[in-house]
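Examination of the molecular architecture
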Amino acid sequence: VSAGGYHHHLGLNPWAGVGAPPPSTDAARLLSFELIVPDAANLTGLVEQLRAGGVAVEATLDGWGAHDPSSNRVILRQVAST
């Protein structure tokens, strides 16, 4: 995973395999996570890539939102201006 020339490794583990159903609402689970990119151009590119891959992405107050295959909420936004 990289943006703005910065490269970082993330470990992802599909515990129950590809196509596994999402956990039940009463299970201990991840509910959401946030991906922060360095600028508007990177954010726009990310949203375009997700949409090109068939992922539904919707605008939020401070960025964009989507759901991963396990139904976790993914929040996409750029670094806040200082």
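See the structure above.
Read on for a plain summary of the structure. (Residues numbered from 1 in each chain as written. Predicted model: local features only at pLDDT ≥ 70, side-chain atom pairs only at ≥ 80, totals over all residues. Heavy atoms only, no water.)

When helices and strands are counted, the chain shows 1 helix and 6 strands. At a minimum sequence separation of 6, the contacts of the chain that also span at least 24 residues come to 50%. For the chain, the exposed surface amounts to about 6,200 Å²; the carbon and sulfur share of it is 59%. (Helix = DSSP H or I, 4+ residues; strand = E, 2+ residues; numbered from the N terminus. Contact = heavy atoms within 4.5 Å. Areas by Shrake-Rupley, 256 points an atom, 1.4 Å probe, with all protein chains shown as cover.)

Time to look at helix α1 (residues 40-52). Residue pairs three or four apart in sequence face the same way in an α-helix, which turns once every 3.6 residues. Counted at 1.5 Å a residue, the expected span for α1 with its 13 residues is 18 Å, and the 18 Å between its end C-alpha atoms agrees. Between the side-chain oxygen at the start of α1 and the backbone nitrogen of Ala41 there is a gap of 3.2 Å, and the oxygen is on Asp39. (Expected span 1.5 Å × (residues − 1). Polar contact = N/O pair within 3.5 Å; in protein donor to acceptor, adjacent residues only side chain to side chain.)

The next subject is the nonpolar core. In terms of nonpolar packing, the biggest core is built from 7 residues, these being Val37, Leu43, Val47, Val57, Ala66, Val74 and Leu76. Mapped onto this core, the elements with two or more residues apiece are α1 and β6 (73-78). (Core = buried A, V, L, I, M, F, W, Y, C linked by side-chain atoms within 4.5 Å. Buried < 20%, exposed > 50% of the residue type's maximum accessible area, 1.4 Å probe, protein only.)

Further remarks concern the pairing of strand β5 (residues 64-67). Across 2 bridges, the pairing between strand β4 (residues 58-59) and β5 is antiparallel. Bridging from a neighbouring strand, Glu58 pairs with Gly65 of β5. Taken together, β4 and the strand that follows it, β5, pair antiparallel across an intervening segment of 4 residues. Looking at chain direction, β5 and β6 are connected through 4 bridges and run antiparallel. The residue of β6 that forms the bridge with His67 is Arg73. (Pairing = 2+ DSSP bridges.)

This paragraph deals with the environment of Val47. With respect to the helices and strands, Val47 occurs in helix α1. In this structure Val47 comes out as buried when scored by relative accessible area, which is 5%. For Val47, the contacting residues outside a window of four places in its chain are Val57, Trp64 and Leu76.

With that out of the way, let us pick up the sheet that holds strand β3 (residues 32-37). Across the sheet, which stays open at both edges, the 4 strands sit in the order β3-β6-β5-β4 with mixed pairing between neighbours. Lying at the two open borders of the sheet, with one neighbouring strand each, are β3 and β4. Along the sheet, α1 makes contact with β3, β5 and β6, crossing β6 at roughly 145°. (Axes fitted to C-alpha atoms, helices over the stretch in contact; angles between N-to-C directions.)

Relative to the helices and strands, Val18 is located in the loop between β2 (6-7) and β3. Residue classification places Val18 among the exposed residues on the basis of a relative accessible area of 86%. Between the C-alpha atom of Val18 and that of Ser70, which follows or precedes it by 52 residues, the distance is 9.7 Å.

All right, on to the pattern of salt bridges then. Throughout the structure, instances matching the rule amount to 2 salt bridges. In this structure, Arg77 and Glu34 form a salt bridge, with 2.9 Å as the shortest nitrogen-oxygen distance. Placement of Arg77 in strand β6 and of Glu34 in strand β3 is noted, with a sequence separation of 43 residues between them. For Arg73, the salt bridge goes to Glu58, with nearest N and O atoms at 2.5 Å. Taken together, the positions of Arg73 in strand β6 and Glu58 in strand β4 put the pair 15 residues apart, joining distant regions of the chain. Overall, Glu58 belongs to the partly exposed group, its relative accessible area being 33%. (Salt bridge = Lys/Arg side-chain N within 4 Å of Asp/Glu carboxyl O.)

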